[in-house]
Every structure is written in structure tokens, then in C-alpha cells.
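# A look at the structure
If you want the building blocks of each chain, they are given just below.
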Amino acid sequence: MRMIGLIGGMSWESSAEYYRILNQGVRDRLGPTASARCLLWSFDFAEIERLQHQGDWQSLTARMVDAAQRLEAAGAELLLICTNTMHLMAPAVQAAVRIPLLHIADPTAGRIKARGFAKVGLLGTAFTMERDFYKGRLSDAHGLDVIVPGDADRAIVHRIIYEELVAGKVIEESRAAYREIIARLIERGAEAIILGCTEIMLLVRPEDSAVPMFDTTRLHAEAAVAGALAD
């Protein structure tokens with residue numbers, strides 16, 4: 001079993017889900033006492049969030065690269081960035097280490113295409129929904145047609161993530177707001193919805209969408225289990 005290196009803490013609410021899914025996946029494959037070999041570098045998300053909203057992506061890249069190199073030096077053989085937004089610096093992180101980085105968009109796109117969907121709605125932080133590092137990979141590398149909510153809806157999605165979900169707050173009114181935003185994406189032709197922030201899975205449920213939803217947290221962690229156990 002390969003050692004999985006996790007760059008987490010962004011936020012720890014979703015990192016805890018990664019840890020749970022990884023260990024459940026290994027147990028399901030190898031037996032009731034088996035668990036994942038993994039190393040976790042956990043950031044103080046208050047610092048990360050501050051730099052994100054200051055737009056200091058250079059400092060954030062330096063921190064991510066440092067974390068990746070420390071995990072590699074500690075013995076990690078497969079690397080995960082446990083957040084969608086910080087895949088903005090995935091190319092820089094991969095260039096700084098010799099071990100493979102499993103990009104969160106790839107297993108997500110693979111599962112979507114396997115189900116036969118071509119046009120997808122994307123929910124995530126404003127950075128993920130508005131910048132091209134994520135949408136571009138889905139479209140350029142995987143041929144998906146990606147749509148995002150309108151301006152007002154993007155602001156709502158972003159606010160709920162940073163003010164509620166990263167703090168572990170699950171509020172029914174926010175679930176209703178997400179449900180309405182998802183419905184508007186479906187009206188625009190979305191055949192499926194990508195939960196493109198690793199905390200959104202804490203809030204929405206399958207019944208909140210009339211089309212399938214793809215949870216990037218679970219798909220990323222499950223792909224990591226497959227990679228760690230591959231011959």
C-alpha cells in the first residue's frame with residue numbers, strides 16, 4: 001500500500017471527511033482491521049483564508065509547495081490537495097515534487113463522463129467558479145461543458161462556504177438557498193452538478209437536486225484509495 005500524503009486543513013471539516021473515506025475504502029478492500037497509510041499536513045485555515053481574500057496567491061503557492069515537499073520527504077508516495085480552490089497552484093506543486101499529484105478534477109470528470117453527462121453545473125468558492133484553473137481542466141482535458149451560477153448566486157454560494165461550512169455550521173436556510181441555485185443551473189441545461197468545494201457535501205443531499213450530484217471530496221478520496229492499492 002502506497003503512503004498517501006494529504007495537504008489538508010482547508011478546512012479541517014472536509015479533511016476529516018477525507019480521512020474517514022480513505023480508511024473506510026481501505027477497510028472495504030482489505031478487511032475489517034485494515035486502514036490507510038497516510039500523512040496529513042494540516043494548515044491553519046484562518047491564515048489561508050486571509051491570504052485568499054487578499055489575493056496573495058504567491059504566498060499561498062509557497063506554502064503549498066513547502067507542505068508538498070515536507071510530505072514527500074516524510075515518505076508520501078501519492079499526493080492529494082484536499083480542497084478544490086487550492087488546485088489553482090496544482091501545477092506548481094506537481095513541479096516541486098517527484099511523487100504524483102492526484103488532481104481533484106480528474107476522478108470527478110471521469111465519473112461524470114462514465115455516466116454519460118456532458119453539461120455540468122459547478123458549485124464552489126468564487127475562486128473556483130470564476131477562475132479558469134478548474135473549469136478549464138474540466139473542459140480542455142475532459143471535454144465537459146461547464147456552467148456556473150449567476151453573479152448573485154455565486155456570492156451566496158461563496159458566503160455560505162466561508163461563513164458557515166468551514167466552521168461546521170449546517171443551516172437549513174442555506175440548504176434551501178443551494179437547492180434553489182441548483183434548480184436554476186438545471187433550468188440552464190445542467191445534466192449534473194459538481195460539488196466543487198470539499199465542504200459542500202456537508203450541506204446538500206441527493207434529494208436537493210433533480211439531477212445527479214458529484215461530490216468531489218468522496219471521488220477524490222476514493223481515487224486515492226485505488227491509487228494507493230494499485231499494483
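All figures in this text were calculated on a predicted structure; none of them were measured in a lab. Residue numbering note: each chain is counted from 1, following its sequence as written. Per-residue local features of the predicted model are confined to residues with pLDDT of at least 70, and side-chain atom pairs are confined, for both listing and counting, to 80 or more; whole-chain, interface and lining totals are unaffected and use all residues. Processing note: side-chain calculations cover all non-hydrogen atoms of the structure and skip hydrogens and water entirely.

## Examining the sheet that holds strand 3 (residues 78–81)
Note the cut-off: For two strands to be treated as a pair, DSSP must find at least two bridges joining them. Secondary structure elements follow DSSP: runs of H or I of four or more residues count as helices, runs of E of two or more count as strands, with numbering from the N terminus. Orientation is described by lines fitted to C-alpha atoms, with helices fitted over the stretch in contact, and by angles between N-to-C directions that extend from 0 to 180 degrees.
Strand order in this open sheet of three strands is 2-1-3, and the pairing throughout is parallel. Each of the sheet's edge strands pairs with one partner strand only, and the pair in question is strand 2 (38–42) and strand 3. For this sheet, the mean angle separating the axes of adjacent strands, direction not counted, is 20°. Sheet topology places strand 1 (residues 4–8) next to strand 3; four bridges connect them, and they run parallel. Paired with Leu 6 across the bridge in strand 3 is Leu 80.

## Remarks on the state of the cysteines
In a disulfide, the sulfur atoms of two cysteines are covalently bonded to one another. For clarity, the cut-off: The definition used for a disulfide is geometric: two cysteine sulfur atoms within 2.5 Å.
Going through the model one piece at a time under the given rule, you end up with zero disulfides. For Cys 82, which is in no disulfide, the shortest distance to another cysteine sulfur is to Cys 38 and amounts to 9.4 Å. Free of any disulfide, Cys 197 has its nearest cysteine sulfur in Cys 82, 13 Å distant.

## Quick word on the sheet that holds strand 7 (residues 213–215)
Applicable threshold: The criterion used for residue contact is that any of the two residues' heavy atoms lie within 4.5 Å.
Pairing is parallel in the open sheet, where four strands are placed in the order 5-4-6-7. Every interior strand has two partners, whereas the edge strands, strand 5 (145–147) and strand 7, have only one. Adjacent strand axes in the sheet meet at a mean angle of 30°, parallel and antiparallel pairs treated alike. Helix 10 (residues 216–229) rests against strand 6 (192–195) and strand 7 of the sheet, and its axis sits at about 50° to strand 7.

## Some points on the packing of aromatic side chains
Inclusion rule: Geometry of aromatic contacts follows a simple scheme: Phe, Tyr and Trp rings, the Trp one being its six-membered ring, pair when their centres are within 6.5 Å, and the pair is stacked under 30 degrees between planes, edge-to-face over 60, tilted otherwise. Each residue is assigned to one of three classes by its accessible area relative to the maximum for its type, calculated with a 1.4 Å probe on protein chains only: buried under 20%, partly exposed between the two thresholds, exposed over 50%.
Within this structure, the stated rule accounts for six aromatic pairs. Here Phe 45 and Tyr 162 contribute two aromatic rings whose centre-to-centre distance is 6.1 Å and whose plane-to-plane angle is 20°, an arrangement assigned as stacked. One end of the pair, Phe 45, is in helix 2 (residues 45–54); the other, Tyr 162, is in helix 8 (residues 151–163), with 117 residues separating them in the sequence. In this structure Tyr 162 comes out as buried when scored by relative accessible area, which is 14%. Taking 6.5 Å as the distance between ring centres and 90° as the angle between the ring planes, the aromatic pair formed by Phe 127 and Tyr 162 counts as edge-to-face.

## Describing the pattern of salt bridges
Working definition: two side chains of opposite charge can pair if their charged atoms are close together. Formally: Note on definitions: salt bridges are taken to be side-chain nitrogens of Lys or Arg within 4 Å of carboxyl oxygens of Asp or Glu.
For the structure on display, the rule yields 19 salt bridges. Arg 70 is paired through a salt bridge with Asp 66; the nearest N and O atoms lie 2.8 Å apart. A residue pair is termed a helical-turn pair when its members lie 3 or 4 positions apart in one helix, as Arg 70 and Asp 66 do in helix 3 (residues 57–74) at four residues. The class of Arg 70 is partly exposed, set by a relative accessible area of 45%. With a relative accessible area of 31%, Asp 66 lands in the partly exposed category. Taken together, the shared-partner salt bridges in this structure form one network comprising Glu 172, Arg 175, Arg 179, Arg 205, Glu 207 and Asp 208.

Keep in mind these values describe shape, not function.
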